[in-house]
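Per-entry structural report
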Amino acid sequence: PSSSSPVEIRTHSSLRPTTVFCMASSTAFLLLLVAALHVCCCRGQGGHAGTGVAAIYSLGDSITDTGNLVKEAPPGAFETIKHLPYGLTFGRPTGRCSDGLLMIDFLAQDMGLPFLNPYLAMNRSFDHGANFAVAGATAMDPADQFNGRFSMPFTANSLKLQLRWFKDFMKSTFNTDEEIRKRLQSSLVLVGEIGGNDYNFALFGNKNVSEVEKLIPAVVQTIIDATKVPSQVF
């Protein structure tokens, strides 16, 4: 749906329904389409499992977060997703906002790669990529939304912060920019799904639809700019 009307969804029969605003469904579909095209184009070029993809680096929100929110949240926060049935498919809670696999998990499986560990996890392997996505994250920095005049209800995380994590991670993992560029040439970098929370939080903050619509150009431009960062920085 393209409207901001709330809908009720269930990811498992034992999960309580969650009300969400379906304002970014087309973005998620485009992400899947682009990723699918990437996989098709890469097959047969060598590399891991014949896909040519050695690693995945992911930025986004709850659609792709594999555990960063529960790592950065204060004790006692977001207790619901720390317990079953969340993570039921894995036999334990993982920090995913789901009882099963996320879109990023299916992509990793199809490419013959392990599931991505969250960037904030300790003592985990990042040999085949890292996940910087955080549930509740926005595309725009919170300070840039309505001049910072309303608070973010879940997290102050944004694409700006995730890009900084990404750059810090690559700089600390590889010795030179040339090594980073070589790794990125055989990697899939996903930016999104993200942007829906920019509108959701504004609506939750009692902004009217006309005010929220004014965010759209800046949100879209922020995402476009983020996709250019890997090639510009390294």
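From a predicted model like this one, the values you see are computed outputs, not experimental measurements. (Residues numbered from 1 in each chain as written. Predicted model: local features only at pLDDT ≥ 70, side-chain atom pairs only at ≥ 80, totals over all residues. Heavy atoms only, no water.)

1. A word on the overall build of the protein chain
Spelled out, the test is: Here a strand is any run of E in DSSP of at least two residues, a helix any run of H or I of at least four, and the numbering for each starts at the N terminus. Contacts were defined at the residue level, with two residues in contact if any of their heavy atoms lie within 4.5 Å. The protein chains shown are the only cover counted for residues, whose accessible areas, like all others here, come from Shrake-Rupley with a 1.4 Å probe.
Across its full length, the protein chain carries eight helices and five strands. Along its sequence from the N terminus, the protein chain presents helices and strands in the succession β-β-α-β-α-α-β-α-α-β-α-α-α. In the protein chain, 64% of the contacts between residues at least 6 apart in sequence involve partners at least 24 apart. When the accessible surface of the protein chain is totalled, it reaches about 11,800 Å², and 55% of it is carbon and sulfur.

2. Focus on unusual backbone geometry
Here the bond from Leu84 into Pro85 is cis, since omega is 15 degrees, no more than 30 degrees from zero. Mapping Pro85 onto the fold places it in the loop between α2 (68-72) and α3 (103-110). Cis geometry is found at the peptide bond from Gly192 to Glu193, where omega equals 15 degrees.

3. Considerations on the pattern of salt bridges
Inclusion rule: Any Lys or Arg side-chain nitrogen located within 4 Å of an Asp or Glu carboxyl oxygen qualifies as a salt bridge. Burial classes follow relative accessibility: with a 1.4 Å probe on protein chains only, a residue under 20% of its type's maximum area counts as buried, one over 50% as exposed, and anything between as partly exposed.
Going through the model one piece at a time under the given rule, you end up with four salt bridges. A salt bridge links Lys82 to Glu79, with the shortest nitrogen-to-oxygen separation between them at 3.2 Å. For Glu79, a relative accessible area of 34% gives the class partly exposed. In this structure, the salt-bridge partner of Asp177 is Lys171, at a minimum N-O distance of 2.7 Å.

4. Some thoughts on the sheet that holds strand β5 (residues 187-191)
Note the threshold: By the convention used here, strands pair only if DSSP detects at least 2 bridges between them. Structural elements are reduced to axes, namely lines fitted to C-alpha atoms, with helices fitted over the stretch in contact, and the angle between N-to-C directions of any two is expressed from 0 to 180 degrees.
Taken in spatial order, the three strands of this open sheet run β4-β3-β5, and their pairing is parallel. With one partner strand each, in any of the chains shown, β4 (129-131) and β5 form the two edges of the open sheet. Strand-to-strand twist across the sheet, computed as the mean angle between neighbouring axes with direction ignored, equals 15 degrees. Across five bridges, the pairing between strand β3 (residues 55-59) and β5 is parallel. For Ser58, the partnering residue across the bridge sits in β5 and is Leu190. Running at roughly 150 degrees to β3, helix α4 (residues 159-173) makes contact with β3, β4 and β5 of the sheet.

5. Some remarks on the confidence of the model for the protein chain
Our working definition: A residue's pLDDT is simply how confident the predictor is in it, with values from 0 to 100.
For the protein chain, per-residue confidence averages 80 on the pLDDT scale, and residues scoring 70 or more make up 74% of the total. Of the regions scoring below 50 in pLDDT, residues 1-29 engages in 45 contacts with residues more than four places distant in sequence or in other chains. A low-confidence stretch, residues 35-47 (pLDDT under 50), is modelled with 18 contacts involving residues beyond four sequence positions or located in other chains.

6. Re the packing of aromatic side chains
The condition is simple: Two aromatic rings from Phe, Tyr or Trp, using only the six-membered ring of Trp, form a pair when their centres are within 6.5 Å; if the ring planes differ by under 30 degrees the pair is stacked, by over 60 it is edge-to-face, and anything between is tilted.
Evaluated as defined, the whole model comprises nine aromatic pairs. Aromatic side chains Tyr119 and Phe169 sit 6.3 Å apart centroid to centroid with 80 degrees between the ring planes, which places their arrangement in the edge-to-face category. Residue Tyr119 is found in the loop between α3 and β4, and its partner Phe169 is found in helix α4; the two are separated by 50 residues along the sequence. Among the residues examined, Tyr119 registers a relative accessible area of 22% and is labelled partly exposed. Judged by relative accessible area, which is 7%, Phe169 ranks as buried. Ring geometry for Phe132 against Phe169: centres 5.8 Å apart, planes inclined by 70 degrees, an arrangement best described as edge-to-face. Of the two residues, Phe132 is situated in the loop between β4 and α4 and Phe169 in helix α4; the sequence distance between them amounts to 37 residues. With respect to class, Phe132 is no different from Phe169; both count as buried. Members of the aromatic cluster, joined through ring pairs, are Tyr57, Tyr119, Phe126, Phe132, Trp165, Phe166 and Phe169.

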